[in-house]
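# Geometric and topological summary
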Amino acid sequence: MSDAAPAVQSLTRRRAARSLAERYLAVRAATEALAAPLSAEDQQTQSMPDASPVKWHRAHTSWFFETFLLGPFLAGYQAFDASFGYLFNSYYEAMGERHPRPARGLLTRPAAAEVLRYRAHVDQGMLRLLSGRLSREARDLTVLGLAHEEQHQELILTDVLHLFSLSPLNPAYAPHAPAPRACLKPVDWIAFKGGLVSIGATGETFAFDNETPTHRVFLTPFRIASRLVTNGEWLAFMADGGYRRSEFWLSDGWALVQAEGWNAPLYWEDCGDTWRSMTLAGPQEVDLDAPVVHVSFHEAAAFAAWAGKRLPTEAEWEHSARDSRRLDQLEGDVWQWTSSAYSPYPGFAPAAGAVGEYNAKFMVGQMVLRGGACVTPEGHARATYRNFFYPHQRWMFAGVRLAEDAPAMTPLEEFRVDVAGGLSAARKRLSPKWFYDARGSALFEDICRLPEYYLTRQESDLLARVAPEIGARIGEGATLVELGSGASLKTRQILDAAPGVAAYAPIDVSETALAEASAAIARDYPGLRVSPVVADFTKITEVDAGSGPVAVFFPGSTIGNFAPDEAVELMRRVRGLLGADGVFIVGVDMAKDAQTLTAAYDDANGVTARFNLNLIERINRELEGDLDVSAFAHRAAWNAFESRIEMHLEVTRTHRARVAGADLDFVEGETIHTENSYKFTDAQFRAMAARAGLAVTGRWESPAPRFSIYVLECV
């Protein structure tokens, strides 16, 4: 074993290196293939300062590998030509002086043939480097260099189109060149409820540094167009005087329209009875169903204002793109302007050294585009990708997807949106909050009485013993706020122990269960002001607490339904409700053996299974679904790595069903993930509370199976 292990590791390294070398050769060959249809004169010419000659693109991408990899990492490497560092450096100040960008077209030397020899020289060096053992830094720089070259492949086509558009001969780059695809579907407005969402690359696969770090963004409810704005829709904007009406334009955009004489997208030509556009395949009649392309940010914003809509923020775009089955034309057609300025994410730090200039130095004055275009190399774009250009530029393949604000959703609308998104996702999911309609709430009460389901029994017994101590911590005239109140049964133990509570505000998404429980509490506690709130408690930011303190009650270990980071966010939100004298009373299920946990979520009488399957029945009842309940089975399993019980609905028979107006496929063996229930150690929970700015000021624990009640206060 000891002799074989190094051999296996060596083989693994050789395979990884070979794979990277093969990818290197493929990317480099793709660049040459793009240049192949062009003459030496085509490759020499620079059409404007923003564009670069194809010959320069080919040389610059080679300079990147030579400068950042071969020089530092390949022993004995000899530069092809010492002058190329000056000629083909783009903007890296740390690498010294460089030829002015607007004058790149004046570089008649080296000739295109010499650039080809330069590329071959660099390729030979890179293959030698990739055949050996690479350091992590060298591997990361190689991957970055390949992504960098793919960016220049897109720029080659972008710049060639601009060059050819200036020729009176209207030459075609290629007869079957890439072009945006038509979409014949009517536009639909896809609703998203907003809330706290994660944005940015996770680091699991390659991403540019400007896509990091992952961070949380709060989105208000919004709707986004299911497809891109078409040429036909743009023509309607033009016919309505869009380029002549200042009320639609930002000030800088209106100044450009007047100064430049814009009256249509770039490359469009009015032919009297029709419009033609210059494309990579030569002049073509404008396809009314294809997405509009080659428009600036100013034009995109003006069109959105004319349409009574707006551009999406980049966070809205990325969040909606993760629900990719509901939106068309996300990639492969045109880049899509957002309303977001290009700036660093919270916590962003550029890489050390010259490569840190790759993105960071441009984070001002530009606007973000998302998606990917027909000229973007396959596999290069992703949901987190941040392209960026100045708002006046329009020679790149940029188009428009619209968005709009949406009013706060009713619970039924939110249910529809969650189900449509969750069941159309690659890994199907449904939020556990939708368990609790009237039937689900009743089934949960049945679960709470099961012998296997120790949580309610342990918590109730513990509350009966320690409620006087907890009640003593609740100030006179307090408002008791309960999150996910359900039947409000445990609430009575708190109310009995804290007679000074003046008001009770139960919060739940189930209007029926909330009404019944609130009426019962109001009847049995006649001096108590009861103010029920039908809402998702994770979104509550304020309560009507009068002048007294606030006590937030969160029993049942529902805190375990949230991933640790989400639980911290929820506790931060609760902290904002408490004020100086408030307390947060929370039930927490403690980590224990897998057998006890699994039995609690998969009881012998099948009550939990019926509770889980009620989600399918609820979808059928409320969202015009025709799901076959018999095609699903309840599954519960302990995930030791995540320290959580998972509940799923497993598909037992492949079928298609209609849900919320959409036809969805369900494949035998796949699951719908319906709930997580995390279990914590005391140290884990205290650490989470501390991250939320809360301190544990009281803790009581039951006998086995262990369950704890914590009292938290603001630090």
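To keep things clear, this report deals only with the structure shown in the data block. (Residues numbered from 1 in each chain as written. Predicted model: local features only at pLDDT ≥ 70, side-chain atom pairs only at ≥ 80, totals over all residues. Heavy atoms only, no water.)

### Quick word on the overall build of the chain
In terms of regular secondary structure, the chain is built from 19 helices and 25 strands. The principal-axis extents of the C-alpha atoms in the chain amount to approximately 90 × 75 × 55 Å. Looking at the chain as a whole, 54% of its 715 residues are labelled buried. When contacts within the chain are restricted to residue pairs at least 6 apart in sequence, long-range pairs at least 24 apart make up 76% of them. Of the accessible surface of the chain, which amounts to about 30,600 Å², a share of 54% is contributed by carbon and sulfur atoms. For the chain, the centre of its 70 positive side-chain charges and the centre of its 89 negative side-chain charges are spaced 4 Å apart. (Helix = DSSP H or I, 4+ residues; strand = E, 2+ residues; numbered from the N terminus. Buried < 20%, exposed > 50% of the residue type's maximum accessible area, 1.4 Å probe, protein only. Contact = heavy atoms within 4.5 Å. Areas by Shrake-Rupley, 256 points an atom, 1.4 Å probe, with all protein chains shown as cover. Lys, Arg positive; Asp, Glu negative; His and termini not counted. Charge placed at Lys NZ, Arg CZ, Asp CG, Glu CD.)

### Side note on helix α16 (residues 564-578)
Between the first and last C-alpha of α16 there are 21 Å, a value that for 15 residues agrees with the 21 Å anticipated at 1.5 Å per step. Buried residues of α16: Ala567, Val568, Glu569, Leu570, Met571, Arg573, Val574, Leu577 and Leu578, and no others. Immediately beyond the C-terminal end of α16, within one or two residues, lies glycine 579, with a positive phi of roughly 75 degrees. (Expected span 1.5 Å × (residues − 1).)

### Digging into the packing of aromatic side chains
Aromatic ring pairs are reported here in terms of the distance separating the ring centres and the angle at which the planes meet. This structure, assessed with the given rule, holds 42 aromatic pairs. Ring geometry for tryptophan 63 versus tyrosine 92: centroids 5.7 Å apart, planes at 40 degrees, classification tilted. Of this pair, tryptophan 63 sits in helix α3 (residues 54-73) while tyrosine 92 is found in the loop between α4 (84-88) and α5 (112-131), placing the two residues 29 residues apart along the sequence. Measuring from ring centre to ring centre gives 5.2 Å for phenylalanine 84 and phenylalanine 88, while their planes differ by 80 degrees; the resulting arrangement is edge-to-face. Taken as a pair, phenylalanine 84 and phenylalanine 88 lie in helix α4 at a separation of four residues, close to a single helical turn. (Phe/Tyr/Trp six-rings, centres within 6.5 Å; stacked < 30°, edge-to-face > 60°.)

### Let's talk about the pattern of salt bridges
Considering all chains together, one arrives at 49 salt bridges under this definition. Put simply, lysine 185 and aspartate 328 hold a salt bridge, and the shortest N to O gap is 3.3 Å. Placement of lysine 185 in the loop between α6 (136-165) and β1 (189-192) and of aspartate 328 in the loop between α10 (314-321) and β8 (335-341) is noted, with a sequence separation of 143 residues between them. Residue lysine 185 is classed as partly exposed on the basis of its relative accessible area, which comes to 47%. We classify aspartate 328 as partly exposed; its relative accessible area is 22%. Among the ionic pairs, arginine 658 bridges to aspartate 663, the shortest N-O distance being 3.0 Å. (Salt bridge = Lys/Arg side-chain N within 4 Å of Asp/Glu carboxyl O.)

### What about the sheet that holds β8?
Strand order in the open sheet formed by four strands is β10-β9-β8-β11, with mixed pairing between adjacent strands. Lying at the two open borders of the sheet, with one neighbouring strand each, are β10 (387-389) and β11 (398-399). Inspection of the sheet shows strand β9 (residues 367-371) paired to β10 by three bridges, in the antiparallel sense. In the sheet register, valine 368 faces β10, and the bridge partner there is phenylalanine 388. (Pairing = 2+ DSSP bridges.)

### With respect to the environment of threonine 45
On the secondary structure map, threonine 45 appears in the loop between α2 (40-44) and α3. In sequence terms threonine 45 and alanine 82 are 37 residues apart; their C-alpha atoms lie 24 Å from each other. Each residue touching threonine 45, except ones within four places of it in the same chain, is listed here: Pro53 and Leu163. Within the structure, threonine 45 has its side chain in polar contact with the backbone oxygen of glutamate 41 (distance 3.0 Å). (Polar contact = N/O pair within 3.5 Å; in protein donor to acceptor, adjacent residues only side chain to side chain.)

### A closer look at the sheet that holds strand β5 (residues 268-270)
Strands sit in the order β5-β6-β7 across an open sheet of three strands; the sheet is antiparallel. Only two strands of the sheet have a single neighbouring strand rather than two, namely β5 and β7 (282-285). On average, adjacent strands in this sheet sit at an angle of 30 degrees to one another, irrespective of strand direction. One ladder, built from four bridges, connects strand β6 (residues 275-279) with β7; its direction is antiparallel. Counterpart to serine 277 in the pairing with β7 is glutamine 284. (Axes fitted to C-alpha atoms, helices over the stretch in contact; angles between N-to-C directions.)

### Digging into the environment of alanine 172
Residue placement: alanine 172 occurs in the loop between α6 and β1. For alanine 172, a relative accessible area of 40% gives the class partly exposed. Other than its neighbours up to four places away in sequence, alanine 172 contacts Phe164, Leu280, Ala281 and Gly282.

### Section: the state of the cysteines
Within the structure shown, the criterion is met by zero disulfides. Unpaired in terms of disulfides, cysteine 374 finds its nearest cysteine sulfur in cysteine 183, a separation of 15 Å. The class of cysteine 374 is buried, set by a relative accessible area of 14%. (Disulfide = S-S within 2.5 Å.)

### Some words on the side chain of histidine 57
Mapped onto the fold, histidine 57 is located in helix α3. Among the polar contacts listed, one links the side chain of histidine 57 to the side chain of aspartate 159, at a separation of 2.8 Å. Sequence-distant contacts of histidine 57, defined by excluding residues within four places in its chain, comprise Ser52, His152, Leu155, Ile156 and Asp159.

### Structural notes on the packing of α3 against α6
It is at 9 Å that the axes of α3 and α6 come closest, and there the two elements cross at 175 degrees. In this view, α3 runs roughly antiparallel relative to α6, as classed from their interaxial angle. A per-class count over the contact of α3 with α6 returns 14 nonpolar, seven polar and three charged. (Parallel < 35°, antiparallel > 145°, perpendicular 65-115°, else oblique. Nonpolar A, V, L, I, M, F, W, Y, C, P; charged D, E, K, R; others polar.)

### Examining the pairing of strand β19 (residues 632-639)
The sheet contact formed by β19 and strand β20 (residues 644-651) spans eight bridges and is antiparallel. Pairing of arginine 635 across the sheet is with histidine 648, part of β20. Taking the residues that link successive antiparallel strands as the turn, the β19-β20 hairpin has four residues, and the phi of serine 643 there is positive, at about 60 degrees.

### Quick word on the pairing of strand β3 (residues 215-219)
The two faces of β3 differ: His215, Val217 and Leu219 on one face are buried, but Arg216 and Phe218 on the other face are not. Bridge count for strand β2 (residues 195-199) against β3 is five bridges, and the pairing is antiparallel. Paired with leucine 196 across the strands is phenylalanine 218, a residue of β3.

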